[in-house]
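The lines below spell out each chain.
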Amino acid sequence: MGEPVSLGEVQETLLIPLYGRARDARNEKSVLGDRKAVDLVEAIDYDFEKFRGPSLAGSVLRASIFDEYVREFLRRHPDGTVVDLGCGLSTRFDRLDNGRVRWFDLDVEDTMSLRRTFFDDGDRYMMITGSIFDTDWYARVTEPARPVFLLSEAVLLYFPDARVHEVLRRFADTFPGSGLAFDTSGPAMMNTQDRNPVFRAVSARMKWTCADPTTLEQFGLRLVESRTFASPQPGVARTWPAKYRYGLRLLGWAPPVTTYKLNLFTTLGEPAFA
Ligand SMILES: C[S@@+](CC[C@H](N)C(=O)[O-])C[C@H]1O[C@@H](n2cnc3c(N)ncnc32)[C@H](O)[C@@H]1O
């Protein structure tokens, strides 16, 4: 008998990228090589096979683009702090640990309690139970002389515009001069959720539509780069199977590809560590 899951609506969606990474790990040419995801899928009592369609591979490609944003931050700031907001059962720390980073994974209570069944805190790896919308974790992740990189993958999309805008403004005020990566989605993807096979298998729906990430600069951010599945970092593209590397480039003009963006921002202002 596997580990039972009892997760809220949005929290349950973490099982989609988990299954995507597990399937990827079983491929001969795996993008992420996330063997732990295979172990977790085997250990969790859940009908993963109900998840089908291109979003499974999409969650792997997405993770690889976000990984490279974090890698680039760590190349410049090997002793920096990374905070993964809404981490789910991500194994990103294991993939990117450079032996020096200080890493926080944050998620809400039911997800964290599942996560703690499988992961332990370490010297430089800490889990925080809390919400991306709380403020009490800010002090915990802030340390003089340590640049901060905030990352939130497939989380903000599930919340209404006003809450997202408010939290982005707060990040800009609290973490000046810091890296911030998250995804945005335009109407072409938001309006077709009910036709997406993975969303047909869960009750959560995404709420926040943002067609143009430059509009978020008004909240105290500067857009550094914005990628789609047709424009991953060249080094990342080389890790993708040819069908995605070339196929998605050919589809680069099509709304399902152009509408979903993986963005890297910096918050304005002088970094506290400067
Ligand atoms: C689609 S999953 C993404 C998980 C992970 N980022 C990944 O890509 O594998 C959405 C995640 O948002 C988390 N979540 C939901 N509400 C949250 C909140 N208020 N604060 C932080 N995380 C939240 C869920 O628990 C879940 O882990």
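Residues numbered from 1 in each chain as written. Predicted model: local features only at pLDDT ≥ 70, side-chain atom pairs only at ≥ 80, totals over all residues. Heavy atoms only, no water.

**Quick look at the overall build of the protein chain**
Line of reasoning, step 1. Helix and strand counts for the protein chain come out as 14 helices and nine strands.
Line of reasoning, step 2. With respect to the principal axes defined by its C-alpha atoms, the protein chain has extents near 45 × 45 × 35 Å.
Line of reasoning, step 3. Here the protein chain, with 274 residues, has 53% of them falling under the buried criterion.
Line of reasoning, step 4. Within the protein chain, contacts between residues separated by at least 24 positions form 72% of all contacts whose residues are at least 6 apart in sequence.
Line of reasoning, step 5. Surface exposure of the protein chain reaches about 12,300 Å², of which carbon and sulfur atoms provide 50%. (Helix = DSSP H or I, 4+ residues; strand = E, 2+ residues; numbered from the N terminus. Buried < 20%, exposed > 50% of the residue type's maximum accessible area, 1.4 Å probe, protein only. Contact = heavy atoms within 4.5 Å. Areas by Shrake-Rupley, 256 points an atom, 1.4 Å probe, with all protein chains shown as cover.)

**Quick look at the packing of aromatic side chains**
Line of reasoning, step 1. Taken as a whole, this structure holds 17 aromatic pairs when the rule is applied.
Line of reasoning, step 2. Measuring from centroid to centroid gives 5.2 Å for F73 and F149, while their planes differ by 40°, and the two rings are tilted. With F73 in helix α4 (residues 54-76) and F149 in strand β6 (residues 148-152), the pair connects residues that are 76 residues apart, well separated along the chain.
Line of reasoning, step 3. On the accessibility criterion, F73 (4% relative accessible area) is buried.
Line of reasoning, step 4. Residues Y138 and F175 carry aromatic rings whose centres are separated by 5.2 Å and whose planes lie at 70° to one another, so their mutual orientation is edge-to-face. Here F175 lies in the loop between α8 (161-174) and β7 (179-185) and Y138 lies in helix α7 (residues 137-141), a separation of 37 residues in the sequence.
Line of reasoning, step 5. Y138 gets classed as buried once you look at its relative accessible area, which sits at 8%.
Line of reasoning, step 6. A network of ring pairs unites the aromatic residues Y19, Y46, F48 and F51 as a single cluster.
Line of reasoning, step 7. Positioned over the ring face of F119 is R115, at 3.8 Å from the centre of the ring. (Phe/Tyr/Trp six-rings, centres within 6.5 Å; stacked < 30°, edge-to-face > 60°. Lys NZ or Arg CZ within 6 Å of the ring centre and 35° of its normal.)

**Remarks on a positive patch on the surface**
Line of reasoning, step 1. A contiguous patch of positive charge on the surface is contributed by R23, R26, R35 and R52.
Line of reasoning, step 2. Residue position: R35 is located in helix α3 (residues 35-43). (Patch = residues over 30% accessible without salt bridge, like charges linked within 9 Å, V, L, I, M, F, W, Y side chains within 5 Å. Salt bridge = Lys/Arg side-chain N within 4 Å of Asp/Glu carboxyl O. Lys, Arg positive; Asp, Glu negative; His and termini not counted. Charge placed at Lys NZ, Arg CZ, Asp CG, Glu CD.)

**Concerning the layout of surface pockets**
The gaps left among the atoms become clear once a water-sized probe is rolled over them.
Line of reasoning, step 1. By volume, the second largest pocket is sized at about 290 Å³.
Line of reasoning, step 2. The wall of the second largest pocket is formed by 22 residues, among which E72, F73, R76, F149 and L264 lie closest to the centre.
Line of reasoning, step 3. Put simply, the parts of the chain that give the lining of the second largest pocket at least two residues each are α4, β6, β8 (221-227) and β9 (260-267).
Line of reasoning, step 4. In terms of residue count, α4 provides more of the lining of the second largest pocket than any other element does, six residues in total. (1 Å grid on protein atoms, 1.4 Å probe; cavity = no way out; pocket = protein on both sides within 12 Å on 5 of 7 lines; lining within 4 Å. Points joined across faces, edges and corners; volume = space filled by probe spheres on them.)

**What about the pairing of β9?**
Line of reasoning, step 1. Here β9 lies mainly inside the structure; seven of its eight residues are buried.
Line of reasoning, step 2. Bridge count for β8 against β9 is six bridges, and the pairing is antiparallel. Looking across to β9, one finds that L223 is bridged to F265. (Pairing = 2+ DSSP bridges.)

**Examining the environment of V70**
Line of reasoning, step 1. Tracing the backbone through its elements, the reader meets V70 in helix α4.
Line of reasoning, step 2. Its relative accessible area of 0% is what places V70 among the buried residues.
Line of reasoning, step 3. Separated by 26 residues in the primary sequence, V70 and L96 place their C-alpha atoms 7.9 Å from one another.
Line of reasoning, step 4. Here V70 is in contact with V82, R92, L96, W103, F149 and L151, once residues within four sequence places are set aside.

**Some remarks on the packing of helix α2 (residues 15-26) against α4**
Two numbers describe a pair of packed helices, the interaxial angle and the distance between the axes.
Line of reasoning, step 1. Their axes nearest at 8 Å, the elements α2 and α4 cross at an angle of 85°. By the criterion of interaxial angle, the relationship of α2 to α4 is roughly perpendicular. Along its contact with α2, which presents I16, P17, Y19, G20, R21, R23 and D24, the element α4 presents L56, S59, V60 and R62.
Line of reasoning, step 2. Partitioning the contact of α2 with α4 into residue classes produces five nonpolar, two polar and four charged. (Axes fitted to C-alpha atoms, helices over the stretch in contact; angles between N-to-C directions. Parallel < 35°, antiparallel > 145°, perpendicular 65-115°, else oblique. Nonpolar A, V, L, I, M, F, W, Y, C, P; charged D, E, K, R; others polar.)

**Comments concerning the site of the ligand**
Line of reasoning, step 1. With respect to spatial proximity, 20 residues lie near the ligand, and among them G86, D107, T111, I132 and E153 are the closest.
Line of reasoning, step 2. In the environment of the ligand, a nitrogen atom lies 3.0 Å from a nitrogen or oxygen atom belonging to the side chain of S131.
Line of reasoning, step 3. A distance of 2.9 Å separates a nitrogen atom of the ligand from a polar backbone atom of E153.
Line of reasoning, step 4. About the coverage of the ligand: the protein hides 96% of its 590 Å² of free accessible area.
Line of reasoning, step 5. When residues of the shell around the ligand are traced back to their parent elements, those giving at least two are α1 (9-12) and α2.
Line of reasoning, step 6. Partitioning the shell around the ligand into residue classes produces 10 nonpolar, six polar and four charged. (Near = heavy atom within 4 Å. Polar contact = N/O pair within 3.5 Å; in protein donor to acceptor, adjacent residues only side chain to side chain.)

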